[in-house]
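# Commentary on secondary and tertiary structure
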Amino acid sequence: LMLNQSAQKLSGTLSVGGKSVPINSGKVLGDQISFSVAGAQYTGRINGARIEGVSITGNAKQNWTATRGL
């Protein structure tokens with residue numbers, strides 16, 4: 001996951017099956033983020049250099065985490 005923030009807008013890509021897929025509708029509000037990728041909706045909470053969240057595809061939910069790279 002590669003994210004870029006400009007004010008409250010979020011852009012970037014997510015690697016899915018070896019391919020980089022652009023994120024859509026990316027937003028940052030305080031410590032909360034949200035974006036969608038290939039039909040899945042991602043939400044999360046920023047905590048320092050880490051993001052913890054949930055992705056929803058149809059009726060399936062999955063936890064996810066991301067850590068800031070150097």
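Above: the structure in question.
All figures in this text were calculated on a predicted structure; none of them were measured in a lab. (Residues numbered from 1 in each chain as written. Predicted model: local features only at pLDDT ≥ 70, side-chain atom pairs only at ≥ 80, totals over all residues. Heavy atoms only, no water.)

For the rest of this paragraph, the subject is the overall build of the protein chain. The number of helices and strands found in the protein chain is 0 helices and 8 strands. In the protein chain, the succession of α and β elements from N to C terminus is β-β-β-β-β-β-β-β. Radius of gyration (C-alpha) of the protein chain: 11 Å, near the 11 Å computed for a compact globule of 70 residues. The principal-axis extents of the C-alpha atoms in the protein chain amount to approximately 30 × 25 × 20 Å. Taking all 70 residues of the protein chain together, 27% fall into the buried category. By sequence separation, contacts in the protein chain at least 24 residues apart represent 9% of the contacts at least 6 residues apart. Surface accessibility of the protein chain: about 5,000 Å² in total, with carbon and sulfur atoms responsible for 50%. (Helix = DSSP H or I, 4+ residues; strand = E, 2+ residues; numbered from the N terminus. Rg over C-alpha atoms; globule rule 2.2 N^0.38 Å. Buried < 20%, exposed > 50% of the residue type's maximum accessible area, 1.4 Å probe, protein only. Contact = heavy atoms within 4.5 Å. Areas by Shrake-Rupley, 256 points an atom, 1.4 Å probe, with all protein chains shown as cover.)

Across the 6 residues of strand β5 (residues 32-37), 5 count as buried, placing the element largely inside the fold. As paired elements, strand β4 (residues 24-29) and β5 share 4 bridges and run antiparallel to each other. When the bridges of β5 are listed, K27 appears paired with S34. A loop of 2 residues connects β4 with β5, the two strands running antiparallel in sequence, and G30 in this loop sits at a positive phi of about 65°. Hairpin connection from β5 to strand β6 (residues 40-47): 2 residues lie between these consecutive antiparallel strands, with A38 at a positive phi of about 45°. (Pairing = 2+ DSSP bridges.)

Here we come to the pattern of salt bridges. The final tally for this structure, using the stated rule, is 2 salt bridges. Where R45 meets D31, a salt bridge forms, and the shortest distance between an N and an O atom there is 2.8 Å. Remark: D31 occurs in the loop between β4 and β5 and R45 occurs in strand β6; sequence separation between them is 14 residues. R50 is the salt-bridge partner of E52, the closest N and O atoms lying 3.0 Å from each other. The class of R50 is partly exposed, set by a relative accessible area of 35%. (Salt bridge = Lys/Arg side-chain N within 4 Å of Asp/Glu carboxyl O.)

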